Amino acid sequence: MQVYFLGTGTSQGIPVIGSNHSVCKSSDAKDKRLRVSVWITWEDNSVVIDCGPDFRQQMLTSGCEKIDAILFTHEHADHTAGLDDIRPFFFKQKRDVPVYGHFRVLENLSRRFDYIFATENKYPGAPGVQKFVVNNNEDFKIGQTKIKPIEVNHGNLQVFGYRIQDFVYLTDVKTIDNTEIKKLIGVKVLVVNALREEPHQTHFSLQDALDFIHLVQPERAYLTHISHLMGFHEEVQQRLPKNVFLAYDNLKITF
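Definitions and limits used
Residues numbered from 1 in each chain as written. Predicted model: local features only at pLDDT ≥ 70, side-chain atom pairs only at ≥ 80, totals over all residues. Heavy atoms only, no water. Buried < 20%, exposed > 50% of the residue type's maximum accessible area, 1.4 Å probe, protein only. Helix = DSSP H or I, 4+ residues; strand = E, 2+ residues; numbered from the N terminus. Arc of directions from axis to C-beta. Contact = heavy atoms within 4.5 Å. Pairing = 2+ DSSP bridges. Axes fitted to C-alpha atoms, helices over the stretch in contact; angles between N-to-C directions. Core = buried A, V, L, I, M, F, W, Y, C linked by side-chain atoms within 4.5 Å. Polar contact = N/O pair within 3.5 Å; in protein donor to acceptor, adjacent residues only side chain to side chain.

K.L.:
Looking at this model, I keep getting lost on helix α1 (residues 55-62). Mind explaining?
P.N.:
Think of an α-helix as turning once every 3.6 residues; residues three or four places apart then point the same way. Within α1, the full set of buried residues consists of Phe-55, Gln-58, Met-59 and Ser-62. Taken down its axis, α1 places every buried residue within 100° of arc, on the same side. Residues of α1 that are exposed and point over 90 degrees away from its buried face: Arg-56 and Leu-60. Considering only its buried residues, α1 is in contact with β1 (2-7), β2 (37-42), β3 (45-49) and α3 (87-93). Two residues or fewer after α1 comes Gly-63, characterised by a positive phi angle close to 80°.

K.L.:
Explain the sheet that holds strand β12 (residues 220-224) to me, please; I cannot follow it from the model alone.
P.N.:
Whether parallel or antiparallel, the strands of a sheet pair through hydrogen bonds between backbone atoms. In space, the seven strands of this open sheet follow the order β7-β8-β9-β10-β11-β12-β13, with mixed pairing throughout. Single-partner strands in this sheet number two, and they are β7 (140-142) and β13 (244-246). With strand direction ignored, the average angle separating the axes of adjacent strands in the sheet is 25°. Of the strand pairs in this sheet, β12 and β13 are connected by three bridges, and their pairing is parallel. Of the residues in β13, the one forming a bridge with Leu-223 is Leu-246. Packed on one face of the sheet, helix α7 (residues 206-216) meets β11 (189-193), β12 and β13 and runs near 155° to β11.

K.L.:
I'm lost on the nonpolar core in this one. Help?
P.N.:
Inside soluble globular proteins, nonpolar side chains tend to come together where they are buried. Within the largest apolar cluster, 28 residues are counted, with the highest numbers of intra-cluster contacts made by Leu-170, Leu-190, Val-192, Phe-212 and Leu-223. Secondary structure elements with two or more residues in this core: β8 (145-154), β11, α7, β12 and β13. Looking at this core, the element that brings in the most residues is α7, giving six residues. Sequence-distant contacts of Leu-223, defined by excluding residues within four places in its chain, comprise Val-192, Ala-194, Leu-206, Ala-209, Ile-213, Leu-240, Val-244, Phe-245, Leu-246 and Ala-247. With 27 residues, the next largest nonpolar core counts Val-36, Val-38, Ile-147 and Val-191 among its residues.

K.L.:
What is the right way to read the environment of Asp-50 from this model?
P.N.:
One can find Asp-50 in the loop between β3 and α1. Residues Asp-50 and Leu-223 lie 173 residues apart in sequence; the distance between their C-alpha atoms is 16 Å. Among all residues touching Asp-50, those that are not within four sequence positions of it are Val-36, Ser-37, Ile-70, Leu-71, Phe-72, Thr-73, His-74, His-79 and Thr-171. Side-chain polar atoms of Asp-50 contact the side chain of Thr-73, separated by 2.7 Å.

K.L.:
Explanation requested: α7 in the structure shown.
P.N.:
Of all the positions in α7, only Leu-206, Ala-209, Leu-210, Phe-212, Ile-213 and Val-216 are classed as buried. For α7, the angular spread of buried residues about the axis comes to 160°, placing them on one side. The outward face of α7, more than 90 degrees from its buried face, is lined by the exposed residues His-214 and Leu-215. In the core, the buried residues of α7 are packed alongside α6 (178-181), β11, β12 and β13.

K.L.:
Looking at this structure, how should I read the environment of Asp-208?
P.N.:
With respect to the helices and strands, Asp-208 occurs in helix α7. In this structure the C-alpha to C-alpha distance between Asp-208 and Arg-196, which are twelve residues apart in sequence, comes to 9.9 Å.

Quick look at the structure:
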């Protein structure tokens, strides 16, 4: 399995528009973060989790040529606003692109992108999608591979993370029930959000994330959905445990 970090930033990305913060002015490429998303490939499968407003740029940079499915974590714009840019995949693959998410999320997208989800009098230049509702505690398959949804809380908003084999991707987590944590037993690679060092109402802080990683005990963990307020990439990385890494845009890991 290969995981390609398409974006590792928070909702505004880094640099933040108009900001004079020192991290936003950094010349280190690892301090420049697009909105959060990953591209996962295994066997003949190619899956993206979330497609935010930087999706087109991310696809061009990564060289992704095929999408078998898009898994949505939740409906916020930094995770969904790039949906229109699936058009080249739809035209090339000549079939609807499967999209997976909570019923609430798919309904939200159906309103915002009504021309994509239309079933009658559809604009011929629009892409097509095939909707699959994800329910907690109900695994589903992509190809022959089982995908396990993991339910977490983003403040008061329900969000799905996903387990694919020994890989787990969680973002926008603030709390998670013990029943969901049990689904993470034996995971080798865990990706989880860490917004900044200071506490936040709807996201893990750095210490929250480290405590969670210690609880789950993966072989390796990568932090994502990172704000400029976290600090410089290289400085923060030096303070992390040896099996915990700050992810950065265009990082590729294989396991």
